[in-house]
Amino acid sequence: MLSQEMLSLTILLCAFWSSSSALNNEDYDLMYLNFENEIESIVPATEETISCDCQREHTEWDKLFIMLENSQMKENMLLQSIDEILKVELQTLRAEMIQFVANFAGTCTTTIEKVTSRVLSQVDQTLMRNRDHVQESKTLHESEQRKILEELLQLSLNVSNRLTQLESVWQRTAKVETGFQQQVKSSDMGRGDNFILNSLREELQQTRAELKGSQKWAAQHLLPAGCETAILFPMRSKKIFGSVHPTVDMMLQSFTACIWVKVTEVLDKTIVFSYGTKRNPYEIQFYLSRESAVLAVGSDQNKLIAPNTISPGQWAHFCGTWSSDNGTLSLWANGELVATTSEIAEAHIIPDGGILQLGQEKNGCCVGGGFDETLAFSGKLTGFNIWDRVLSNEEITAQPRAEDSCNIRGNVVGWGVTEILPHGGAQYVF
């Protein structure tokens, strides 16, 4: 707007200057105006002047206004021309911008597709490598297990052959002693018998040592017979435990609970499994205390202790039974009855609606309840089962000796059937 006003003013001044020059060249006499717009030095009108003025086509003021109109017209024409030029330029620029955006969009789309394809290819390659790695690890693990089993089988065959040879040698020696008992009085024959007996003794000692070594190795590296999985508790922690979710009611007037245990370290109270409610967190507890196994029912004071039943680093099978009829409470270790008592929680009924856990107890030590790290279990557990009755002695004795001990399942909690969820770092191992 400012530039247009300056242009108009400039044109007006030029037009005024041009008209003044024209008037001077033609020797026109212009009247001078004062500030009050009055005409000074008025020449008296005569007939000649009047007739002359009337014959003029345009006065000086008319010419001035005509020039101003022409200048305004030229200005309008110039502005219109500039507007048309700007419109054309803007349209051209808009077309170029649209073309540029179209080309840029096409280039970006192509680039994005290439990058996406490359990323997908890299992801597929990574997945393939990971899958191959997992497959190789699985194959290696299976081959190692197969090799271990073959070594154990070969060791068992060697031991069996040695025992067979020892038995045959012993039988021959017995026959020799029976047939020549009256004749072996000389010192030479006595030295021969002593040599045979010493050889047999050394062979038996060597065989016994090899059997102990193989049993120790198997106890440390393999799962119990018939068990394919176990739950590993890698360390003592207030966050590591296993939650058990039975599908039937836990309202019990009697029960049998069995479990395979391989503990890493035992403190004064190391929980194996526990069942409790908000009212009583000690309904059922089975825990380890140094070298003893302890089973409590109804209260932490109603307990049965079986001493000298724990060997850290080795698998052990425990069963606990209880009946409310006479309060009989019993503990079994590796198929043998190690402790029993009566009048424990007599006529008590274990209520439903509690929490059953592995490796921890739901105690009232903390605000709102919580876990105590010193009570946590570390090691491996497998074959956890609960029945709503007291099993017979034969049923309990046969479990740790069975080739498929983990396939024997309880009707309240059944290992491999009932949902058992590890938490906080506990995990299933094979």
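Below you will find a few notes about this structure. Throughout, a residue's number is its position along its own chain's written sequence, starting from 1. Residue-level local features of this predicted model are given only where pLDDT is at least 70; pairs of side-chain atoms are given and counted only at 80 or more, and the full residue set underlies all totals for whole chains, interfaces and linings. Excluding hydrogens and water, the side-chain figures rest on all heavy atoms present in the structure.

**A closer look at the overall build of the chain**
Our working rule: Numbering goes from the N terminus for both helices and strands, where a helix is a DSSP run of H or I of at least four residues and a strand is a run of E of at least two. Residues are treated as being in contact if the distance between any of their heavy atoms lies within 4.5 Å. Each accessible area value is a Shrake-Rupley result obtained with a 1.4 Å probe; residue values ignore everything except the protein chains displayed when judging cover.
Looking only at helices and strands, the chain has five helices and 14 strands in total. Taking as baseline every contact in the chain between residues at least 6 positions apart, the subset at least 24 positions apart corresponds to 68%. Just so you have it, the chain exposes about 28600 Å², and 55% of that area is on carbon and sulfur atoms.

**A look at the sheet that holds strand 12 (residues 379-387)**
Formally: Pairs of strands are assigned from DSSP output, requiring at least two bridges between the strands. Where helices are involved, their axes are fitted lines through C-alpha atoms of the stretch in contact, as for all axes, and angles between N-to-C directions lie from 0 to 180°.
Pairing in this open sheet of seven strands is antiparallel, and the strands run 10-9-8-3-12-1-14 from one edge to the other. Pairing within the sheet leaves two strands with one partner each, and these edge strands are strand 10 (336-341) and strand 14 (427-429). Neighbouring strand axes in the sheet, compared pairwise and without regard to direction, differ in orientation by 30° on average. Sheet topology places strand 1 (residues 230-233) next to strand 12; three bridges connect them, and they run antiparallel. Among the inter-strand pairings, Ile-231 is bridged to a residue of strand 12, identified as Leu-381.

**Some thoughts on the state of the cysteines**
The line we're drawing: In what follows, a disulfide is any cysteine sulfur pair within 2.5 Å. For every residue, the accessible area obtained with a 1.4 Å probe (protein chains only) is divided by the maximum for its type, and the residue is called buried under 20%, exposed over 50%, and partly exposed between those limits.
Counting across every chain of the model gives two disulfides. Between the sulfur atoms of Cys-227 and its disulfide partner Cys-406 the distance amounts to 1.7 Å. One quick way to see it: the torsion about the S-S bond of Cys-227 and Cys-406 is about 80°, and its sign makes the bridge right-handed. Here Cys-406 lies in the loop between helix 5 (393-398) and strand 13 (419-423) and Cys-227 lies in the loop between helix 4 (187-221) and strand 1, a separation of 179 residues in the sequence. Take Cys-227 and Cys-406: they sit in the same class, and that class is buried.

Taken by themselves, the reported measurements are silent on function.
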